[in-house]
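Remarks on the overall topology
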Amino acid sequence: MTADVSTSEAPPGSRPHARPRAPLGHRIYHSFILRRLLRSLFVVWVVASGVFLMVRLLPGNPVDVYINQQIALYGKSYEQAAAEASNFFRFDPATPIWRQYIDYLVGLVQGDMGTSIATPGVTVTEKIAQHLPWTLYSVGLALLISITIGLILGMIMAYRRGGVIDHAVSIIGSGFHAIPNYLLAILIVVVGAVQLEIIDYTRMRGNMSPGVEPEFSLRFLSDIGYHATLPMITYILTTVGTWALIMKASTTQVLGEDYVTVAKARGLKESRIQTNYVGRNALLPLIAQIATQAGFIVGGAIFVEQTFSYEGVGLLLFESINTRDYPTIQGVLLVVTVTVVLANLAADLINAALDPRIRLGEGGAA
Amino acid sequence: MSPETTTDPAPVLSARDLEVAYRTGKDTRVRALRGVSFDLYPDSSLALVGESGSGKTTLGLALLRLLPTLGEITGGSVAFTGEDGATKDVTAMTAQQLRRWRWSEAAMVFQGAQNAFNPVLTVGQQMADTLLDHAHGRMPRREVLERSAEALRSVRLEPRRVLGSYPHELSGGMKQRALIATGLLLRPRLLVLDEPTTALDILTQRTVIDLLAELRVEYRFAMIFISHDLALAAELADRVVTMYAGKVIETGTTKDIFTAPKHPYTSKLINAVPPVTGDLPELASIPGAPPSLATLPPGCAFAPRCELATDECREAEPELITLTQRPADMTHAAACIHHDQVHHERKVIARA
């Protein structure tokens, strides 16, 4: 009876045989975005727990490491160093692990990543907030440049297969791809700064020159650009060839598709064919890979930042591992995890926007 | 559907001694077309038939200069005469001239329409691209929509539904018709159709064939129809050109070819096809396989598979011999020295 009334009262224009709406619980269960978010949260929890356990499997705890350092550096006796350590640290390694774990999770839910052990009084959030922007800036910008150049080179290579650019980029690109970025960083320092003396390493290291304050001015911007040059060159050189080769393969495949020949037959302008017909389709399979790369923004920076004394989150991770600063390690790796998860989520959404064959419908085929 | 008026005897398209070669190695080439000549008159329709690998598709692509990178026109010419009566040499056009000429005067409907549309753009956007790029980007939005809708309606598609659809949202038959509609957008004088019905089921094939017959009357384009389906060729074409190993081996009116083929290959080709209606004849497959274009025999390329072949056939490649001299577009010619021995008959086997 009620159902009859509701259909007869349906506004004009609505489909006459619209499916009855599923129960709320059912719809929530089938909502793509919601399921996607829940899955992401689950991934973050699994990684956070794994990291929590694994950092505690590292040999030595923060107190031991501190005591050993004091003995090694200042020749103190063990008793003396241990007494200093107990004053210095508010961390008791004897706390049962499950207790630490519960505290950690409760803190996380409240948005609190804990307090650094190695530098008491400073929260992990503060530490990360201090370091993360530098890494995001240097690695992010380098990735952006590398991907842009790589994609353009790749397209040119595909269009002129067997040409000079194709051969040159293939050889040079795969050569640089084979060199790990920390090794290239060391090479730059050893060859460029020490042997050839064309790089003023002592001035270029660090985030910015002494005396320069973070502010929105040309002086500040040019100074951080100057200091980020070496790490950025390292990141770009080690990744650009890979992007070019991937894009070449993808473009070559698209160039062989019927719709490109048909577009040519239709007398479309070459520029339109290159962008909307070839470029857009060649880019689609690369978006997921670009998103995964975003995760390496932090991970890939560890040794490079150390080599150039660039105070980013990679260097922070390096130092916190050295001092067994559990909360900071956990915090940095949590940020990495969240970056990767978010980047993948973004890749899905971008893919759906660019490729009409993938649409995120409610209760879709997935 | 023979032309009623022959006031304009100049062919729309005239290929002379067209040669195409594909690079297969650094210095090695394979000749895919070996001196192909034919004329296509306004409002007429020509079927190119032959086995796979005979060069039909290569010829279609060469006519619009759409050969893949490895292919190259190595000789001969293709002359196109426009509405204004001016004749242009397609093989000598610059990239810019080619771009303007393609689709506005000569359009092509490709084999496998399933991939003919860009998957990330709607059909409407792709039709608009075509119109805009031929109007130097200046065409009011309303006109773009009207012309696209008109073309879609002429192929019995509902513009409101199809224009906003992505290719994957259309069925195979709808895609094929949408592609034909796109071909008609600029009202070309020539439409080349490469196996337009191959990927379709038999009912959809019927729809497309009927549609093409109607569209020819409405849009008045000359048509080149590439097909291995002889039944289709018989239905749609005024003239038939049989190709074998990159060469034209017989050409004649549809009636000549189907009732009295004078090349043994054409005769066998016809006997290998079952008719859609009527009694089932004995189907005879042609023994052997088409020759590899890389290692052609010295004489007639068909000789190794031919019962009539003599030593003379194996010595020199036969030229086209004119059999019945009629007005230019009615000639029947075959490249066989034993053409008088070809007696075409279909043996009909009694139905059980």
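Residues numbered from 1 in each chain as written. Chains lettered and ligands numbered in written order. Predicted model: local features only at pLDDT ≥ 70, side-chain atom pairs only at ≥ 80, totals over all residues. Heavy atoms only, no water.

1. Examining the overall build of chain B
Worth spelling out the cut-off: Each helix is a run of H or I in the DSSP string that is no shorter than four residues. Each strand is a run of E no shorter than two, and both are numbered from the N terminus. Categorising residues by exposure relies on relative accessible area from a 1.4 Å probe, with only protein chains included: less than 20% of the type maximum marks a residue as buried, more than 50% marks it as exposed, and the intermediate range marks it as partly exposed. What makes two residues a contact is simply this: any of their non-hydrogen atoms within 4.5 Å. Accessible areas in this description were obtained via Shrake-Rupley with a 1.4 Å probe; residue shielding takes into account the shown protein chains only.
When its secondary structure is counted, chain B shows 11 helices and 12 strands. Residues counted as buried form 54% of the 352 residues belonging to chain B. Contacts in chain B between residues far apart in sequence, at least 24 positions, make up 67% of those at least 6 positions apart. As presented, chain B carries roughly 16,000 Å² of accessible surface, and 52% of it is formed by carbon and sulfur atoms.

2. Let's talk about the overall build of chain A
Each helix and strand in chain A was counted, giving 17 helices and zero strands. Sorting the 366 residues of chain A into buried and exposed places 40% on the buried side. Split by element, the accessible area of chain A, about 20,300 Å² in all, is 66% carbon and sulfur.

3. Brief notes about the interface of chain B and chain A
As a reminder of what qualifies: Joining two parts hides part of their accessible area as seen by a 1.4 Å probe, and the buried area is that hidden amount summed over both. What makes a salt bridge here is a side-chain nitrogen of Lys or Arg within 4 Å of a carboxyl oxygen of Asp or Glu, nothing more. Think of a polar contact as two N or O atoms within 3.5 Å of one another; within protein, one of them needs to be a possible hydrogen donor and the other a possible acceptor, and neighboring residues in sequence only count if both atoms come from side chains.
At the interface, 26 residues of chain B touch 21 residues of chain A. In total, about 2,100 Å² of surface goes out of reach between chain B and chain A, with carbon and sulfur atoms giving 58% of it. Applying the counting criterion to the chain B and chain A interface returns two salt bridges. When the shortest N-O distance is used, the salt bridge between D133 of chain B and R272 of chain A registers 2.9 Å. Here chain B and chain A share 11 residue pairs in polar contact (both at pLDDT 80 or more) between them. Contributions of two or more residues to the side of chain B that touches chain A are made by α3 (123-134) and α6 (172-184) of chain B.

4. Concerning the sheet that holds strand β1 (residues 13-23) of chain B
All names here are of chain B. The test is simple: Strands are labelled as partners when DSSP assigns at least two bridges between them. Comment: axis = line fitted to C-alpha atoms, over the contacting stretch for helices; angle = value between 0 and 180 degrees taken between N-to-C directions.
The sheet built from four strands is open, its strands ordered β2-β1-β4-β5 with antiparallel pairing. Taken across any chain shown, the strands that pair with only one partner, and hence form the sheet edges, are β2 (29-40) and β5 (87-89). Averaged over all pairs of adjacent strands, the angle between strand axes in this sheet comes to 10 degrees, irrespective of strand direction. Helix α1 (residues 56-63) rests against β1, β2 and β4 (71-81) of the sheet, and its axis sits at about 110 degrees to β1.

5. Section: the confidence of the model for chain A
All names here are of chain A. For the record, the criterion: What pLDDT expresses is the predictor's confidence in each residue, scored from 0 to 100.
Per-residue confidence for chain A gives a mean pLDDT of 82; residues scoring 70 or more make up 87%. Per-residue pLDDT, averaged within each element of chain A, yields its smallest value for helix α1 (residues 2-8) (39) and its largest for helix α13 (residues 270-283) (93). A low-confidence stretch, residues 1-18 (pLDDT under 50), is modelled with zero contacts involving residues beyond four sequence positions or located in other chains. Between residues 361-366, whose pLDDT stays under 50, and residues either more than four places distant or in other chains, the model counts four contacts.

6. A short note on the packing of helix α9 (residues 181-195) of chain A against helix α11 (residues 218-255) of chain A
All names here are of chain A. Selection criterion: In this scheme, roughly parallel covers angles under 35 degrees and roughly antiparallel covers those over 145, while 65 to 115 is roughly perpendicular and the rest are oblique. The crossing is said to be left-handed when, going from far helix to near helix, the turn is anticlockwise and less than a right angle, and right-handed when the turn is clockwise.
Running from N to C, α9 and α11 point in directions that differ by 130 degrees, and their axes come no closer than 9 Å. Comparing the axis directions of α9 and α11 gives the class oblique. Handedness of the α9/α11 crossing: right-handed. For the pair α9 and α11, the contacting residues are N181, L184, A185 and I188 in the first and L230, I233, T234, Y235, L237 and T238 in the second.

7. What to know about the environment of L320 of chain B
Mapped onto the secondary structure, L320 of chain B falls in the loop between α11 (311-315) and β11 (321-324). With residues near it in sequence (within four places) discarded, L320 of chain B still touches V248, I249, E250, T251, A333, A334 and A335 of chain B.

8. Focus: the nonpolar core
Rules: Among the buried residues, those of types Ala, Val, Leu, Ile, Met, Phe, Trp, Tyr and Cys that are joined through side-chain atoms within 4.5 Å form a nonpolar core.
Membership of the largest hydrophobic core comes to 78 residues, with the highest contact counts inside it found for L13, F38, L59, L63, L190 and I224 of chain B. I224 of chain B has contacts with L13, F38, L40, L46, L48, L63, L190, L191, V192 and L193 of chain B, leaving out every residue within four places of it along the chain. Of all hydrophobic cores here, the second largest spans 27 residues; its members include F89, Y326, V332 and V335 of chain A.

9. Observations concerning α3 of chain B
Residues and elements named next belong to chain B. For the record, the criterion: Each residue after the first adds 1.5 Å to the expected span of a helix.
An ideal rise of 1.5 Å per residue puts 16 Å on 12 residues; α3 measures up with 17 Å between its terminal C-alpha atoms. The buried fraction of α3 amounts to 10 of the 12 residues, a majority that puts the element mostly inside the structure. Those residues of α3 that sit buried are V123, G124, Q126, M127, A128, D129, T130, L131, D133 and H134. Immediately downstream of α3, the backbone of H136 shows phi near 55 degrees, a positive value.

10. Here we look at the packing of aromatic side chains
The cut-off we apply is this: Aromatic rings from Phe, Tyr and Trp, with only the six-membered ring used for Trp, were paired whenever their centres fell within 6.5 Å, and each pair was classed as stacked if the ring planes differed by under 30 degrees, edge-to-face if by over 60, and tilted otherwise.
Taken as a whole and assessed by the stated rule, the structure comprises nine aromatic pairs over all chains. Where W134 of chain A meets Y310 of chain A, the ring centres are 6.4 Å apart and the plane angle is 85 degrees; that geometry is what we call edge-to-face. Taken together, the residues span a long stretch of sequence, with W134 of chain A in helix α7 (residues 124-159) and Y310 of chain A in the loop between α15 (302-307) and α16 (313-322) at a distance of 176 residues. Its relative accessible area of 15% is what places W134 of chain A among the buried residues. By relative accessible area, which is 0% here, Y310 of chain A ends up buried. Considering the side-chain rings of Y244 of chain B and F302 of chain B, the 5.2 Å spacing of their centres and the 85 degrees angle between planes classify their relative orientation as edge-to-face.

11. As for a nonpolar patch on the surface
Residues and elements named next belong to chain A. In plain terms, the rule: Like charges are joined within 9 Å and nonpolar side chains (Val, Leu, Ile, Met, Phe, Trp, Tyr) within 5 Å, but only among residues with over 30% relative accessible area and no salt bridge; these make up the patches.
A cluster of nonpolar side chains, Y182, L183, I186, L187, V190, V191, L196, I198 and F303, forms an exposed patch at the surface whose accessible area comes to about 790 Å². With six residues, the single largest contributor to the nonpolar patch is α9. Relative to the assigned elements, I186 resides in helix α9.

12. A short note on the side chain of Q126 of chain B
Looking at where Q126 of chain B falls in the secondary structure, it is placed in helix α3. Given the relative accessible area of 0%, Q126 of chain B is considered buried. Setting aside residues up to four positions removed in sequence, Q126 of chain B forms contacts with R266 and Y277 of chain A together with F117, N118, L121 and P167 of chain B.

13. Some remarks on helix α4 (residues 141-154) of chain B
Residues and elements named next belong to chain B. Over its 14 residues, α4 extends 20 Å from the first C-alpha to the last, a length consistent with the 20 Å expected when each residue adds 1.5 Å. Buried within α4 we find V144, S148, A149, A151, L152 and S154. In the stretch just after α4, R156 is the one whose phi turns positive, near 65 degrees.

14. Quick look at the pairing of strand β3 (residues 45-49) of chain B
Residue and element names in this part refer to chain B. In terms of burial, β3 is a largely internal element, five of the five residues being buried. What you see with β3 is no split at all: S45, A47 and V49 on one side and L46 and L48 on the other are buried throughout. As defined by bridge partners, β3 adjoins strand β8 (residues 222-226) across four bridges and the pair is classed as parallel. Following the sheet pairing, S45 is matched in β8 by M223. Two elements, β3 and strand β9 (residues 239-244), share four bridges in a ladder whose sense is parallel. Pairing of L46 across the sheet is with R239, part of β9.

15. As for the pattern of salt bridges
Inspection of the entire model under this criterion finds 22 salt bridges over all chains. Ionic pairing is found between R357 of chain A and D355 of chain A, a salt bridge with its closest N-O pair at 3.0 Å. R357 of chain A gets classed as partly exposed once you look at its relative accessible area, which sits at 44%. Accessibility expressed as a relative area gives 7% for D355 of chain A, which makes it buried. Via salt bridges that share partners, R272 of chain A together with D129 and D133 of chain B belong to a single interconnected network.

16. Describing the packing of α7 of chain A against helix α17 (residues 326-354) of chain A
Residue and element names in this part refer to chain A. Selection criterion: Under the convention adopted here, Pro, Cys and the residues Ala, Val, Leu, Ile, Met, Phe, Trp and Tyr are nonpolar, Asp, Glu, Lys and Arg are charged, and Gly plus all remaining residues are polar.
Following both chains from N to C, one finds α7 and α17 inclined at 55 degrees, their axes separated by 10 Å at the closest point. Here α17 runs oblique to α7, going by the angle between their axes. Considering only the axes of α7 and α17, their crossing is right-handed. Facing V124, K127, I128 and L132 of α7, the residues of α17 in contact are P327, T328, G331, V332 and V335. A class-by-class count of the residues in the contact of α7 with α17 yields six nonpolar, two polar and one charged.

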